Amino acid sequence: MTTREITSTEELRDLLGAPMPRAVAKERRTLHARDREWLAASPFCLIATAGADGSCDVSPKGDPPGFALVLDDTTIAIPERPGNRRADGYRNILANPHVGLIFLIPGRTDTLRINGRARLVGDAPWFADMEVKGHRPVLAVEVAVEQIFYHCAKAFLRSELWRPETWQPDVLPSRPRLVKEVEAVAESLADLERHYGPDYVRKLYV
């Protein structure tokens, strides 16, 4: 069998068919009261960005529920906490402000999707509303909403993501062992196990 590449929107439409009218009509440009409730309940999101050259990045962000701050009906902000300092997504935003966000609520099989234009903010009066355990965010991503809608549950249902009986966290080695095996690090395995031990959790905001 040969590989058949799809190279046109016509081929894609012939293969997938036309979207249902409801799927097209569900797009909105402003936050509904239910969107605000969803954001208030969500502790986790994924931020997709692309650089000027088209290179892409997806970065997870998580904090206590409600960490994504609603500034008004068309603007939200997401705090940045201390991390690995690679700043891949942030460098992309400086070159290309378009971002895609997916907000999850544990146990829910639908998701809230927001697409828009982002800017990086180093400080603002509303940073005080993003403090966690006395720590202000390092910076924030302010997103002007251009498209918002709820995404259906099929991917989560097919993957059985939220069914604990399907979870196999030990199918791969621990985080310290993975780092030692696949990354060029000078630390010993014992050093890495200490790094990812209890202090790793205690230092999430410092």
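Residues numbered from 1 in each chain as written. Predicted model: local features only at pLDDT ≥ 70, side-chain atom pairs only at ≥ 80, totals over all residues. Heavy atoms only, no water.

(A) Inspection of the packing of aromatic side chains at higher detail. What the rule picks out here adds up to 4 aromatic pairs. Look at tryptophan 126 and phenylalanine 127: their rings are 5.3 Å apart centre to centre, the planes differ by 45°, and that puts the pair in the tilted class. We note that tryptophan 126, like phenylalanine 127, is buried. (Phe/Tyr/Trp six-rings, centres within 6.5 Å; stacked < 30°, edge-to-face > 60°. Buried < 20%, exposed > 50% of the residue type's maximum accessible area, 1.4 Å probe, protein only.)

(B) Summary view of the environment of tyrosine 205. The residue tyrosine 205 is located in the segment after helix H8 (198–202) in this model. Sequence separation between tyrosine 205 and valine 132 is 73 residues, and the spatial gap between their C-alpha atoms is 7.7 Å. Sequence-distant contacts of tyrosine 205, defined by excluding residues within four places in its chain, comprise Asp63, Pro64, Arg81, Pro82, Val132, Lys133 and His135. (Helix = DSSP H or I, 4+ residues; strand = E, 2+ residues; numbered from the N terminus. Contact = heavy atoms within 4.5 Å.)

(C) Layout of the pattern of salt bridges. One pass over the structure, following the stated rule, counts 15 salt bridges. In this structure, arginine 81 and aspartate 63 form a salt bridge, with 2.7 Å as the shortest nitrogen-oxygen distance. Of the two residues, arginine 81 sits in the loop between strand E4 (75–80) and helix H4 (88–95) while aspartate 63 sits in the loop between strand E2 (56–62) and strand E3 (69–72), which places them 18 residues apart along the sequence. Residue arginine 81 shares its accessibility class with aspartate 63, and that shared class is buried. In this structure, arginine 202 and aspartate 199 form a salt bridge, with 2.2 Å as the shortest nitrogen-oxygen distance. Placement of the pair is arginine 202 and aspartate 199 together in helix H8, with a separation of 3 residues, close to one helical turn. (Salt bridge = Lys/Arg side-chain N within 4 Å of Asp/Glu carboxyl O.)

(D) Region of the structure containing the pairing of strand E1 (residues 44–50). Alignment of E1 against E2, held across 7 bridges, turns out to be antiparallel. Bridge pairing in E2 links cysteine 45 to lysine 61. In sequence, E1 turns back onto E2 through a hairpin of 5 residues, with glycine 54 there showing a positive phi of about 90°. Where E1 lies against strand E5 (residues 98–104), 6 bridges are found, and the strand directions are antiparallel. Of the residues in E5, the one forming a bridge with isoleucine 47 is leucine 101. (Pairing = 2+ DSSP bridges.)

(E) Spatial organisation of the sheet that holds E1. One open sheet accounts for 7 strands, arranged E2-E1-E5-E6-E7-E4-E3; its pairing is antiparallel. With partners counted over all chains shown, the strands left at the sheet margins are E2 and E3, one partner each. Averaged over all neighbouring strand pairs, the angle between strand axes comes to 35°, with direction disregarded. In the sheet, strand E6 (residues 111–121) pairs with strand E7 (residues 139–151) via 11 bridges, with the strands oriented antiparallel. Paired with arginine 117 across the strands is alanine 144, a residue of E7. (Axes fitted to C-alpha atoms, helices over the stretch in contact; angles between N-to-C directions.)

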